[in-house]
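Structure assessment
Now for the letters of each chain:
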Amino acid sequence: MEIPVRQVTDDEAAFFGEHGWVRLGRLIDPGTAAALRERATGMLNGRSRSHETLVDEAFGQSRDIAASDEMFGALTSSPEMGRNAVKLLRGVRAVRVQVTNLLVKEAGEHGATEFHQDFPWMPMDRSAMLTVWLALADVPADMGSLRFYDRSHRYGLLGRSFTRPGDDQLTQHPWLKELELSPPLDLKAGDATVHHALTVHGAPANRRDSPRLSFTVTYFDADALYTGLPYRQTDGLGLEVNRPFEHERFPVVSLGGPDA
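Residues numbered from 1 in each chain as written. Predicted model: local features only at pLDDT ≥ 70, side-chain atom pairs only at ≥ 80, totals over all residues. Heavy atoms only, no water.

Per an unreviewed UniProt entry, the protein is named Phytanoyl-CoA dioxygenase, and its organism is Nonomuraea angiospora.

So this is what it looks like as structure tokens:
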């Protein structure tokens, strides 16, 4: 199965490098987004609705969806997705898949996603990592599209969030409010945003009657080494400290082309 994905432009790559995030209009076509949405709806309906963590209060999720669904798997492993990630991250030769997720933010069930960085939890020895956040249905800004603190990826690791109430990045680092906050984004099905793992980001609550549906895939530098940091996704896999993530859970995305 092949999923058509458009190529990131030079201007989009330059914007990402400067700002730590970028909007990618029509990354996939609306018809493909509709087919993915149909699959996602059934999977999310069967998810656990328990709120065991602070993350659960912000959104519902179905993790590692690419491993169990052919169409999401094809999108995740698309050579064009790999090429786009390499182009945006700059200086990496290839990327591995870190995790895939279906996300839902229900009005009345989930609140705002507090501002945070993704990387402080990760057991990689370098921060070349990004997340593609793909709208599976139209996501007007008041449904909870992501917002980003502009250029916040330049300030390095700022600490973990979601460990206890009130530990979001703005509470820990009030100076972040001096940075420009990205505008509210209205996304169409098939549009995406991409953010660096060091970019401080969050999302407001869903103010609409219908659920916010999105798919995310996180890619990281294929040459990153495992640090041994305790992390639920990697614990028990037998990864070797100071060696690459050579495991089926973290496949290298083929970039295609004649030299691949």
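Anyway, onward from the coordinates.
In this section: the pattern of salt bridges. Following the criterion strictly, the structure yields 14 salt bridges and no others. Of the charged contacts in the structure, one is a salt bridge between Lys188 and Asp138, with a shortest N-O distance of 3.9 Å. Residue Lys188 is found in the loop between helix H6 (169-172) and strand S7 (192-196), and its partner Asp138 is found in the loop between strand S5 (129-135) and strand S6 (147-148); the two are separated by 50 residues along the sequence. Lys188 sits in the exposed class, given a relative accessible area of 52%. Overlapping salt bridges bring together Glu18, Asp150, Arg151 and Arg154 as one network. (Salt bridge = Lys/Arg side-chain N within 4 Å of Asp/Glu carboxyl O. Helix = DSSP H or I, 4+ residues; strand = E, 2+ residues; numbered from the N terminus. Buried < 20%, exposed > 50% of the residue type's maximum accessible area, 1.4 Å probe, protein only.)

It is worth spelling out the side chain of His201 at this point. Checked against the element boundaries, His201 lands in strand S8 (residues 201-203). Take His201: its relative accessible area is 4%, and that puts it in the buried class. Only 3.4 Å separates the side chain of His201 from the side chain of Asp118, close enough to count as a polar contact. Only 2.9 Å separates the side chain of His201 from the backbone oxygen of Thr199, close enough to count as a polar contact. (Polar contact = N/O pair within 3.5 Å; in protein donor to acceptor, adjacent residues only side chain to side chain.)

Secondary-structure assignment places Asp118 in the loop between strand S4 (113-116) and S5. Along the chain, Asp118 and Leu75 lie 43 residues apart, while their C-alpha atoms are 22 Å from each other. In contact with Asp118, other than residues within four places in its own chain, are Thr131, His195, Ala197 and His201. Within the local environment of Asp118, its side chain forms a polar contact with the side chain of His195, the two groups lying 2.9 Å apart. (Contact = heavy atoms within 4.5 Å.)

Here the focus is the pairing of strand S3 (residues 95-105). Most of S3 sits out of view: 11 of its 11 residues are buried. Judged from the 4 bridges that link them, strand S2 (residues 60-63) and S3 form a sheet pairing that is antiparallel. Looking across to S3, one finds that Arg63 is bridged to Asn101. Summarising the sheet, S3 and strand S9 (residues 212-221) pair through 10 bridges and their orientation is antiparallel. The residue of S9 that forms the bridge with Val95 is Asp221. (Pairing = 2+ DSSP bridges.)

This part takes up the packing of aromatic side chains. Across all of its chains, the model carries 9 aromatic pairs by this definition. Ring geometry for Phe220 versus Phe245: centroids 5.2 Å apart, planes at 75 degrees, classification edge-to-face. Of this pair, Phe220 sits in strand S9 while Phe245 sits in the segment after S9, placing them 25 residues apart in sequence. One exposure class covers both Phe220 and Phe245, and it is buried. (Phe/Tyr/Trp six-rings, centres within 6.5 Å; stacked < 30°, edge-to-face > 60°.)

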